[in-house]
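Structural characterization, general
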There are 2 protein chains.
Amino acid sequence: MYLSDRGFEVAVADNFVRRLYDAELGVESLVPIATLHQRVRTWKNVTGREIGLFVGDLRDPEFVYRIIGEFRPQAVVHFAEQRSAPYSMIDRAHAVYTQVNNVVGTLNVIYAIAELDPDIHLVKLGSMGEYGTPNIDIEEGFIEIEHRGRKDVLPFPKQPGSFYHLSKVHDSHNIHFACKNFGLRSTDLNQGVVYGVETEQSVRHPDLATRLDYDAVFGTVLNRFCIQAVLGHPITVYGHGTQIRGFLDIRDTVRCIELAIANPPARGEYRVFNQFTEEFSINQLAELVSRTWPGPSTVEYVDNPRTEALSHYYHARHTKLVELGLVPHKLSETLIQSLFQVIERHRDRVNWEAIRPTVNWRRTRNPRASGAGFLEKV
Amino acid sequence: MYLSDRGFEVAVADNFVRRLYDAELGVESLVPIATLHQRVRTWKNVTGREIGLFVGDLRDPEFVYRIIGEFRPQAVVHFAEQRSAPYSMIDRAHAVYTQVNNVVGTLNVIYAIAELDPDIHLVKLGSMGEYGTPNIDIEEGFIEIEHRGRKDVLPFPKQPGSFYHLSKVHDSHNIHFACKNFGLRSTDLNQGVVYGVETEQSVRHPDLATRLDYDAVFGTVLNRFCIQAVLGHPITVYGHGTQIRGFLDIRDTVRCIELAIANPPARGEYRVFNQFTEEFSINQLAELVSRTWPGPSTVEYVDNPRTEALSHYYHARHTKLVELGLVPHKLSETLIQSLFQVIERHRDRVNWEAIRPTVNWRRTRNPRASGAGFLEKV
């Protein structure tokens, strides 16, 4: 919607598995979302602009070759991956599903671009979680290393913390090679944790609203804390809350895509942008939400279901997008208050059982999160 | 056979796809190989020792859980991957097949070990090709980096040069995480290019012979040069022959596995051994073969079908296996002469059309190497 609004001719491809995961987990977006077909119709009614719609699966090469061959895009914005770390850690089937879905989908896009039009710019959604938490500054994709008297600029070493984040690392390596080998051009957007739900476009009509996930599998931390505050549920901090991560406003996410497209890399170039605007600890976010919520609220420290360092150094470079023109929306009480308002309108839709974590990283099976064997059929 | 000979109780699992690739490519091992069932029977007749035999596919989790659950090994030696870089570069289907086969097989092994007995030592065959050719010394898996006044020991940055080598990098990342997350123990053997065909065990009976591949898709460089010399075919050097790689004798390969098993890492530890013994340029090998062959021979420089640096720095550490007791078989004219003898016995089995490269890295389709759509059914 953002790109269409800015004058780009846009088509969207979807296989709707995100809605299937909801059915599997017994949850729904807190904000009701219309069918994609309805959203495209409403967008046309509201703006007069058409968005093309392709229904299919990136794991199917014929589908990928068809959409790229028919639409002939200037850029492919590839956000079509299973995007939840907890989902990938439910059990073996979910780990395998996540890696196959993400890696094969991306390989098919790589080959379709290489074969049909290697000039197409592949804008791929990566993750800040690919880097893990090294004890040195995180650079944007590459680092100059001096070692035993010699020097080279090499890919920044990766220490991802889930089979989902690992799939993103696999994709990054595959795309980097594809740029060298097939002469493709690609931007890897290593995104931080997104918060917020409304954009300038999504607020124009209820049909245009996007998802707001409150559950422990797909919900992201700040959104979840806001929802917990509104519901009167304890704010659930994992471990000691001393984990530090990069964050950004959903409105900056869409702007970053535009900046990447407007400033494409050269043929053969693979570049990485660290796409976040501010660093916070989990405790800082819990305190901010607690302070902003007008009613009573409690913070509860729960056993960390994830495998991650609790006290660690964290400092990541993120200047490339700012150099291209990004003016960040900084996290503010105003944003949090507007989130509270959205949440209050839909608070009755919550399944309370989905709020606490159901997936423990160190278990090979987490039957509370999903029925056994569900994914074998997908 | 080597481990069985050394007193280990051994079982082997195979899905026989390596023989299927031969059928697909229209080639056969230069040395005839018996069925696996026959090899196991002959081994029993020759040595009195039994080797268990499981037929199945690592992509099938039930099979993986069954073999590990029934056999209850001390170590899993995981060599069951599609192992040819050219094969992975034939086209999209072969790239996807290679990555799915290798990554999913390894994920299934990881989960089966984590669930059934996390004490089992996973010995995984990696590749020196995972590192590419950086302009700094290659370390064994990890490197200490000093950056902006801070220090950390991090995974050595990877720059693999084919979708096959990429699959190995994906596996390495997955296994490293599995050790941290599930408390597994694993040794990643980043092997160089293997040469030679006979071991102390394989020569005891013709049924025990192992493969000798002469074709451009599965054959390795030194073995191929020897075969070309014997046939009177030009020795085909790709590019300028200035590429440098690490090499080892097939007899050292089996010894390295024994050393890894005999000295297991601690629970939760992921370690990497660079498994090669000497570095050579391709030109050095061509000259050595040419000089050792008693008849006439010619060296032909062919357009490099691969994407790789021609002049580059190369120096890789490989001390860990030596510290554990490896005494390398250095490359010698004697070894080359014994290879010549093996080859001369079977020279009539060669399909000459398979000797020159049929797979160009930069093409998305290489129909001379394989029929379209073959792998969709496998």
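Residues numbered from 1 in each chain as written. Chains lettered and ligands numbered in written order. Predicted model: local features only at pLDDT ≥ 70, side-chain atom pairs only at ≥ 80, totals over all residues.

Helix and strand content of chain A: 12 helices and 13 strands. For 378 residues, the compact-globule formula gives about 21 Å, and the C-alpha radius of gyration of chain A, at 20 Å, lands near that figure. Projecting the C-alpha coordinates of chain A onto the three principal axes gives extents of approximately 60 × 55 × 45 Å. With 378 residues in all, chain A has 48% of them scored as buried. Of the contacts made within chain A by residues no fewer than 6 positions apart, 84% connect residues no fewer than 24 positions apart. (Helix = DSSP H or I, 4+ residues; strand = E, 2+ residues; numbered from the N terminus. Rg over C-alpha atoms; globule rule 2.2 N^0.38 Å. Buried ≥ 20, exposed ≤ 12 C-beta atoms within 10 Å, placed from the backbone. Contact = placed C-beta atoms within 7 Å.)

Glancing now at the sheet that holds strand β10 (residues 244-249) of chain B. Residue and element names in this part refer to chain B. The sheet built from 3 strands is open, its strands ordered β8-β10-β12 with mixed pairing. Both outer strands of the open sheet, β8 (193-195) and β12 (278-281), are each paired with one neighbouring strand and no more. Within this sheet the neighbouring strands show an average axis-to-axis angle of 45°, counted without direction. Where β10 meets β12, 4 bridges bridge the pair, whose relative direction is antiparallel. (Pairing = 2+ DSSP bridges. Axes fitted to C-alpha atoms, helices over the stretch in contact; angles between N-to-C directions.)

Structural remark: α-helix, 3.6 residues per turn; residues separated by three or four positions point the same way. With 25 residues, helix α6 (residues 92-116) of chain A extends 35 Å from end C-alpha to end C-alpha; this agrees with the ideal 36 Å at 1.5 Å per step. For α6 of chain A, a buried count of 22 out of 25 residues is recorded, marking the element as mostly surrounded by other parts of the structure. (Expected span 1.5 Å × (residues − 1).)

At the junction of the two partners, chain B supplies 43 residues and chain A supplies 43 residues. Of all the secondary structure elements, the ones that give two or more residues to the side of chain B that touches chain A are α6 (92-116), β5 (142-147), β6 (150-155) and α7 (163-182) of chain B. The dominant element in the side of chain B that touches chain A, judged by the number of residues it contributes, is α6 of chain B, at 12 residues.

Glancing now at the packing of α6 of chain A against helix α7 (residues 163-182) of chain A. All names here are of chain A. Where α6 meets α7, the closest approach of the two axes is 9 Å, and the angle between their N-to-C directions is 15°. By the angle between their directions, the pair α6 and α7 is classed as roughly parallel. For the pair α6 and α7, the sense of crossing is right-handed. Listed contacts from α7 to Ala 95, Thr 98, Gln 99, Asn 102, Val 103, Thr 106, Leu 107, Ile 110 and Ala 114 of α6 are Phe 163, Tyr 164, Leu 166, Ser 167, His 170, Asp 171, Asn 174, Ile 175, Ala 178 and Phe 182. Tallied by class, residues from the contact of α6 with α7 come to 11 nonpolar, 7 polar and 1 charged. (Parallel < 35°, antiparallel > 145°, perpendicular 65-115°, else oblique. Left-handed = near helix turned anticlockwise from the far one by under 90°. Nonpolar A, V, L, I, M, F, W, Y, C, P; charged D, E, K, R; others polar.)

A word on the relation of the copies chain B and chain A. You can overlay chain B on chain A at an RMSD of 0.0 Å; the transform is a turn of 180° with a shift of 0.0 Å along its axis. The symmetry that links the two subunits is that of a two-fold axis. Taken together, the interface assignments show that 100% of the residues at the interface of chain B recur at the interface of chain A, consistent with an identical surface on both copies. (Least-squares fit on C-alpha atoms with pLDDT ≥ 70 in both.)

With that settled, the discussion passes to the sheet that holds strand β10 (residues 244-249) of chain A. All names here are of chain A. Pairing in this open sheet of 3 strands is mixed, and the strands run β8-β10-β12 from one edge to the other. Strands at the two margins of the open sheet, each flanked by one partner only, are β8 (193-195) and β12 (278-281). On average, adjacent strands in this sheet sit at an angle of 45° to one another, irrespective of strand direction. Across the face of the sheet, helix α9 (residues 250-262) comes into contact with β8 and β10 while running at roughly 75° to β10.

Our focus in this paragraph is the environment of Asp 91 of chain B. Residue and element names in this part refer to chain B. By the secondary structure assignment, Asp 91 is in the loop between α5 (85-88) and α6. With 275 residues separating them in the primary sequence, Asp 91 and Asn 366 have C-alpha atoms 6.3 Å apart. Beyond its immediate chain neighbours, meaning those up to four positions away, Asp 91 contacts Thr 364, Arg 365 and Asn 366.

The next point concerns the nonpolar core. Residues Ile 113 and Cys 226 of chain A together with Ile 113 and Cys 226 of chain B are the most contacted members of the largest nonpolar core, which totals 205 residues. The contact partners of Ile 113 of chain A, leaving out residues within four places of it in the chain, are Ile 68, Val 76, Pro 118, Ile 120, Leu 122 and Leu 184 of chain A. (Core = buried A, V, L, I, M, F, W, Y, C linked by C-beta atoms within 7 Å.)

Moving on, we get to the confidence of the model for chain A. A residue-level look at chain A finds 98% of positions with pLDDT of 70 or above and a mean pLDDT of 97. Per the prediction output, this complex has pTM 0.98; the corresponding ipTM is 0.97. (pLDDT = per-residue confidence, 0-100.)

All names here are of chain A. Unlike most non-glycine residues, Arg 148 shows phi in positive territory, near 50°. Tracing the chain through its elements places Arg 148 in the loop between β5 (142-147) and β6 (150-155). Of the residues examined, Arg 148 has 9 C-beta atoms within 10 Å and is grouped as exposed.

Residue and element names in this part refer to chain B. Tracing the sequence through the fold places Asp 207 in the loop between β8 and α8 (221-231). A sequence separation of 166 residues divides Asp 207 from Arg 41, and the C-alpha atoms of the two residues are 9.4 Å apart. Residue contacts for Asp 207: discarding those within four places in its chain leaves Ala 34, Gln 38, Arg 39 and Thr 42.

On to the environment of Leu 107 of chain B, then. For Leu 107 of chain B, the location among the structural elements is in helix α6. Once residues within four sequence positions are removed from consideration, Leu 107 of chain B is found in contact with Arg 92, Ala 95, Val 96 and Gln 99 of chain A together with Asn 174 of chain B.

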